[in-house]
Structures are given as C-alpha cells and as structure tokens.
Amino acid sequence: MLLLAKIFEDGELFNMDLIKISDFLELVIRFSFNMLVLLVITRLLYYSITKRKDYFFTYLMVGIVVFLLCFLLENVKVQLGFALGLFAIFGILRYRTNPIPIREMTYFFFVIGVSVINALVNKKISYAEMVFTNMGAVVTIWLFERVFFLRHLSVKNVLYEKIDLIKPEKYQELKADLEERTGITIHKIEIGKIDFLRDSARLQIYYFEHEINRTDQMEEITNDDDDD
C-alpha cells in the first residue's frame with residue numbers, strides 16, 4: 001500500500017514516469033503515420049505486384065521494430081551513428097536459404113530508411129517536411145513501379161530433373177521444355193547447384209510478370225524456401 005501511495009504521489013515507478021501525455025501522444029501519432037506509410041509501400045505498391053506474402057510480412061515487421069527501437073532510443077547522443085549502424089546491420093542480413101534479390105533488398109532499405117526518419121526527426125524538422133519526405137519516397141516507388149518500368153523481370157527457382165539438357169549447346173531445348181511445362185515465356189535461364197546423385201539441378205528462370213495470367217501457375221515447381 002505504501003508503494004502504491006508513493007507511485008500515485010510521485011507519478012513514478014522505480015524512477016521511471018508512469019506516463020507523459022505529450023510524449024505518449026507523439027508516439028501514437030508518429031507510429032500511426034509510419035504504419036500508414038509502410039502499408040502503402042509494402043501492401044499497395046510491393047505486394048500488389050509481386051504477391052509475395054513472405055517479404056510483405058518481413059518488411060512490415062522490420063519497419064515497425066526499427067521505428068519503435070529508434071523512437072524509444074532517440075535520446076541517445078549519437079543519433080546519426082545509431083541510424084547508420086542500423087542500416088549496416090540490416091543491410092548485411094542474409095536469410096538461411098537464398099540471398100535477398102536486389103529488388104527486394106531495395107524495398108528493405110526503403111522500409112528501414114522511412115522508419116528511421118519517422119522515428120528520429122526532432123523539433124528542428126517540421127511535420128510538413130516529414131510528410132513531404134515520406135510522400136516523396138512513396139511517389140518515387142510508384143513512378144518506377146507503375147510508370148517507368150511496367151515490365152517486371154521476376155525470377156523463380158526450379159528443381160529440374162533433366163540434367164542432360166543443362167549443357168550450353170542444348171540451351172534452346174532446355175528453354176523450350178521449361179516453357180512448355182510452365183506455360184510462360186522465359187527470358188533467361190541460369191544454372192545453379194547440380195546434384196548428379198539425384199539427377200537434378202536447380203535452375204533460376206527469369207520471366208516478365210505481365211506474361212503470366214495466374215500467379216499460382218508455378219507453385220508446384222518452385223521451392224524458394226528449401227535448404228541447400
């Protein structure tokens with residue numbers, strides 16, 4: 001009872017304020033704004049084109065964590081170094097299976113950058129400048145995704161069993177066989193790991209997204225998440 005009375009009297013618990021109304025409201029407003037920007041980038045721009053739920057989930061979660069981490073530690077004196085350190089840490093991340101493609105890594109940097117900006121802006125920066133910066137990022141992505149580059153070259157990993165066709169002189173036969181089996185027009189084929197014991201090889205096939213009518217057409221032959 002004495003502890004509760006002390007808490008209500010001082011408004012603190014173990015030398016920590018229970019609540020600061022102005023700071024709390026600032027957190028709610030900034031978090032909501034950052035969440036809105038992240039949803040526009042990840043859901044409306046990225047996911048609507050790629051239909052990749054795994055990256056959509058990753059971008060959203062990373063953006064939220066980076067924002068909260070930066071916002072709660074914004075009183076650290078080395079704010080710029082702290083922000084650059086986050087870029088370095090997340091920038092060298094590699095998942096346990098395949099490396100992140102360049103396009104997905106670009107979105108990764110955008111999500112981290114926007115979250116850091118929204119968390120670390122101080123009183124020297126107006127809300128108008130912060131909104132303009134975020135809108136500039138969103139508009140830039142939209143222009144490059146929907147206006148300038150309408151043809152998106154995508155890649156799929158394929159586990160292929162006819163390893164006799166992976167020879168350079170049989171490239172056209174390999175391409176024709178893959179196009180017949182997948183129903184898409186292949187732009188380029190790259191040969192990855194070859195397993196002679198199982199008579200199989202991992203191929204990366206590149207194609208333009210607009211040439212595929214159904215996004216689930218490749219689900220049975222792709223295995224993006226398998227371990228090497």
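Definitions and cut-offs
- Residues numbered from 1 in each chain as written.
- Predicted model: local features only at pLDDT ≥ 70, side-chain atom pairs only at ≥ 80, totals over all residues.
- Heavy atoms only, no water.
- Helix = DSSP H or I, 4+ residues; strand = E, 2+ residues; numbered from the N terminus.
- Buried < 20%, exposed > 50% of the residue type's maximum accessible area, 1.4 Å probe, protein only.
- Axes fitted to C-alpha atoms, helices over the stretch in contact; angles between N-to-C directions.
- Parallel < 35°, antiparallel > 145°, perpendicular 65-115°, else oblique.
- Left-handed = near helix turned anticlockwise from the far one by under 90°.
- Contact = heavy atoms within 4.5 Å.
- Nonpolar A, V, L, I, M, F, W, Y, C, P; charged D, E, K, R; others polar.
- Salt bridge = Lys/Arg side-chain N within 4 Å of Asp/Glu carboxyl O.
- Patch = residues over 30% accessible without salt bridge, like charges linked within 9 Å, V, L, I, M, F, W, Y side chains within 5 Å.
- Areas by Shrake-Rupley, 256 points an atom, 1.4 Å probe, with all protein chains shown as cover.
- Phe/Tyr/Trp six-rings, centres within 6.5 Å; stacked < 30°, edge-to-face > 60°.

> Please explain the overall build of the chain as it appears in this structure.
Check the secondary structure of the chain and you find 7 helices and 3 strands. Reading the chain from its N terminus to its C terminus gives the helix and strand order α-α-α-α-α-α-β-α-β-β. Of all 228 residues assigned to the chain, the portion counted as buried reaches 34%.

> Honestly, the packing of helix H2 (residues 21–50) against helix H5 (residues 102–120) in this entry has me stumped. Any pointers?
Two quantities define a packed helix pair, namely the angle between the axes and the distance from one axis to the other. Closest axis-to-axis distance for the H2/H5 pair is 9 Å, and the angle between their directions is 170°. One finds that H2 runs roughly antiparallel with respect to H5. Along this stretch, H2 crosses H5, giving a crossing that reads as right-handed. Facing H2, whose interface residues are Arg30, Phe33, Asn34, Val37, Leu38, Ile41, Thr42, Leu45, Tyr46, Ile49 and Thr50, H5 presents Arg103, Glu104, Tyr107, Val111, Val114, Ser115, Asn118, Ala119 and Leu120. Here the contact of H2 with H5 is built from residues that sort into 12 nonpolar, 5 polar and 3 charged.

> Help me understand the pattern of salt bridges, please; the structure alone is not making it clear to me.
Pairing is possible between side chains of opposite charge, provided their charged atoms come close. One pass over the full model with this rule turns up 7 salt bridges. Note that Arg181 is salt-bridged to Glu161, the shortest N-O span being 3.1 Å. Taken together, the residues span a long stretch of sequence, with Arg181 in helix H7 (residues 171–182) and Glu161 in the loop between strand S1 (153–160) and H7 at a distance of 20 residues. For Arg181, a relative accessible area of 47% puts it in the partly exposed group. A salt bridge links Arg198 to Asp195, with the shortest nitrogen-to-oxygen separation between them at 3.8 Å. We classify Asp195 as partly exposed; its relative accessible area is 21%.

> For this particular structure, what's the right way to read the environment of Asp195?
Relative to the assigned elements, Asp195 resides in strand S2 (residues 186–195). Between the alpha carbons of Asp195 and Ile163 there is a distance of 8.9 Å; along the sequence they are 32 residues apart.

> How should the side chain of Asn118 be read in this particular structure?
Checked against the element boundaries, Asn118 lands in helix H5. Judged by relative accessible area, which is 1%, Asn118 ranks as buried. When near neighbours in sequence (up to four residues on either side) are disregarded, Asn118 contacts Arg30, Phe33, Asn34, Phe67, Met130 and Asn134.

> Just to check I follow, could you spell out a nonpolar patch on the surface for this structure?
Together, Ile19, Ile21, Phe24, Leu25, Val28 and Ile29 give the surface a local cluster of nonpolar side chains, amounting to about 570 Å² of exposed area. Along the polypeptide, Ile21 turns up in helix H2. With a relative accessible area of 53%, Ile21 lands in the exposed category.

> Just to check I follow, could you spell out the packing of aromatic side chains for this structure?
Each aromatic ring pair is described using two quantities: the centre-to-centre distance and the angle formed by the ring planes. Within this structure, the stated rule accounts for 8 aromatic pairs. Centre to centre, the rings of Tyr59 and Tyr107 are 6.2 Å apart; their planes meet at 20°, and the pair counts as stacked. Highlighted residues: Tyr59 in helix H3 (residues 53–72) and Tyr107 in helix H5, separated in sequence by 48 residues. Each member of the pair, Tyr59 together with Tyr107, is buried. Note on Phe67 and Phe71: the rings are 5.8 Å apart at their centroids and 25° apart in plane angle, and the pair reads as stacked.

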